[in-house]
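This is what each chain is made of:
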Amino acid sequence: MSMTSTLRKLASCIILDLDGTLLNTDAIVHDVLKAYLVKYGKQWDGRRSDRVVGKTPYEAATAIVEDYELPITTNELLSELSPIFSEKWCSIKAQPGANRLINHLRSHGVLMGLASNSSKENIETKISYHHGWKESFSVILGGDVVTSAKPSPEIYLEAAKRLEVEVASCLVIEDSLTGVAAGKAAGMEVVAVPSLPKQSHNFTLADEVINSLLDLRPEKWGLPAFEDCELLFPVFDCFVACYILHIDLAIAAGMEGTLPIEPWYIGGPVIKGYGRGSKVLGIPTANLSTEGYSDLLLEHPSGVYFGWAGLATRGVYKMVMSIGWNPYFNNTEKTIEPWLLHDFKEDFYCEDLRLAIVGYIRPETNFSSLESLVAKIHEDGEIAEKALQLPQYSKYRDDPYFKSS
């Protein structure tokens, strides 16, 4: 999370995709299709999500009819699902970092366009529930205003034309392979933010692949760096920049490498994990069951976070934790693995553990060796240990969440 970045190319504007990039559409799609397919005795398989991500509504519906062998036509499926989705758009959440990015670019006068395979009417309905979004984009294009949808470059070329900018000066941000292909075919630089898990290795066409919008560094593209440290966005998009101006140098040093976030909470009994924390890594983690927290896990990108951990009969302790698939061990499920930064003399399985997550350190990454993984975990622990001494983070040690029954 260095403040220095290598300049890749000068960009004068950003063109963003919507679904999966700025909005957590996948969660809505998952819920709707899971409930709908029961009608035909079918079970939604999230592993087939790649068949609908980045596609036009018609293409996605066709894939669903084919994959689940539904006894209806694509148009019939669309007519049944459209009113269901329409009722859900009001509750669709911004991706972490989306509001932060839009507010930052708007405040610096950076030209922005929105280009999605969804219809323009659909796009405007979705963004109407997010304050300030519509006014932030100089151009909004849907798949229904071009002859060919993504992966054709047409929508991006048309966006550049309407923005009155050179194609080569545009930076595209996309979550799907389809969108990345469209941006590159248009001759633009593309940053990929994969919305599907464990797919980063497939985005070889992209100029950069990042874990989430939290990890975007605009200065790499000649755009203004994040410099704010105010909670400018709603609770569902609460991550803020850590580059603080006009504050005590000691605090600035302690903040380096962390992003303050609006706290979020999770808790439950400590369960036995994979048995590798103490035995393999020498780092005893207190695993939590993810049952009942699937929606919450979808909201937060995989990565390393920190905060406070409360055990009802023992007290409140500093902690650092990972959320994700742990690439080194290639987990098949997204897990939560907190490490309480305290030397406990005995295990505390089945005890109620409550976590207040207050900061973000880095995205999830793979390692070439077990030794490098262990070293990085200890480095994360040291960052968390120091950061949690700062007033901005230490105040949450007394959070009412730890005292409620």
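Scroll up for the structure.
Below, the structure is looked at part by part. Every chain is numbered independently, its residues counted from 1 as its sequence is written. In keeping with the model being predicted, local features are shown solely for residues with a pLDDT of at least 70 and side-chain atom pairs are shown and tallied solely at 80 or more, while totals for entire chains, interfaces and linings include all residues. Heavy atoms from the whole structure form the basis of all side-chain values; hydrogens and water molecules are not counted.

**As for the packing of helix α2 (residues 57-67) against helix α3 (residues 74-88)**
Basically, it comes down to this: Between N-to-C directions, angles cover 0 to 180 degrees, with each direction set by a line fitted to C-alpha atoms, over the stretch in contact for helices. Under the scheme used here, helices are H or I runs from DSSP no shorter than 4 residues and strands are E runs no shorter than 2 residues, and both carry numbers assigned from the N terminus. Convention used here: angles under 35 degrees read as roughly parallel, angles over 145 as roughly antiparallel, angles from 65 to 115 as roughly perpendicular, and any remaining angle as oblique. Note on contacts: a residue pair qualifies if any of its non-hydrogen atoms lie within 4.5 Å across the two residues.
At a minimum axis distance of 9 Å, the contact between α2 and α3 shows a crossing angle of 110°. When the axes of α2 and α3 are compared, the pair comes out roughly perpendicular. Taking contact as the criterion, the partners of Pro57, Tyr58, Ala61, Thr62, Ile64 and Val65 in α2 are, on α3, Thr74, Asn75, Leu77 and Leu78.

**Section: the nonpolar core**
Basically, it comes down to this: Residues belong to one nonpolar core when they are buried, are Ala, Val, Leu, Ile, Met, Phe, Trp, Tyr or Cys, and are joined through side-chain atoms within 4.5 Å. Remark: exposure states derive from per-residue accessible area (1.4 Å probe, protein chains only) relative to the maximum for the residue type, with buried under 20%, exposed over 50%, and partly exposed in between.
By size, the foremost hydrophobic cluster in this structure holds 49 residues, and its most contacted members are Leu16, Leu22, Leu77, Leu114, Trp133, Phe137 and Ile173. Elements represented by at least two residues in this core include exactly β1 (13-16), α1 (25-37), α2, α3, α4 (98-107), β2 (111-115), α5 (120-127) and β4 (170-174). Formed by 25 residues, the second largest nonpolar core is a distinct cluster that contains Leu297, Leu311, Tyr317 and Ile357.

**Quick word on the pairing of strand β9 (residues 303-311)**
On a regular strand, each side chain points to the face opposite its neighbour's, so the side chains alternate between the two faces of the sheet. Note the threshold: When DSSP finds at least two bridges between two strands, those strands are taken to pair.
The buried count for β9 comes to nine of nine residues, which makes it a mostly enclosed element. The pairing of β9 with strand β10 (residues 315-324) spans nine bridges and is antiparallel. Counterpart to Val304 in the pairing with β10 is Ser322. As defined by bridge partners, β9 adjoins strand β12 (residues 352-363) across nine bridges and the pair is classed as antiparallel.

**Some words on the side chain of Ser212**
By the element assignment, Ser212 lies in the loop between β6 (208-209) and α9 (249-255). Setting aside residues up to four positions removed in sequence, Ser212 forms contacts with Val193 and Pro301.

**Here's the deal with the environment of Leu311**
Here Leu311 lies in strand β9. Among the residues examined, Leu311 registers a relative accessible area of 2% and is labelled buried. Sequence separation between Leu311 and Val270 is 41 residues; the distance between their C-alpha atoms is 9.9 Å.

**A few points about the sheet that holds β1**
The sheet built from six strands is open, its strands ordered β3-β2-β1-β4-β5-β6 with parallel pairing. The sheet terminates laterally at β3 (139-141) and β6, the two strands that pair on one side only. Relative to β6, strand β5 (residues 189-192) runs parallel, the two sharing two bridges. In the sheet register, Ala192 faces β6, and the bridge partner there is Val209. Packing of α5 onto the sheet brings it into contact with β2 and β3, and relative to β3 it is tilted by some 125°. In the packing of helix α7 (residues 154-163) onto the sheet, contacts are made with β1, β2, β3 and β4, and the angle to β3 comes to roughly 155°.

**Structural notes on the packing of aromatic side chains**
Quick note on the threshold: Two aromatic rings, drawn from Phe, Tyr or Trp (for Trp, its six-membered ring), form a pair once their centres lie within 6.5 Å of each other, and the interplanar angle then sorts them: stacked below 30 degrees, edge-to-face above 60, tilted otherwise. By definition here, charges over rings are those cases where NZ of Lys or CZ of Arg is within 6 Å of the ring centre and within 35 degrees of the ring normal.
According to the stated counting rule, one finds ten aromatic pairs in the structure shown. Aromatic rings pair up to connect Trp264, Tyr305 and Tyr360 into one cluster. Residue placement shows Lys126 over the ring face of Trp89; its charged tip is 4.4 Å from the ring centre. Lying over the aromatic face of Tyr401, Arg354 brings its terminal NZ or CZ to 5.2 Å of the ring centre.

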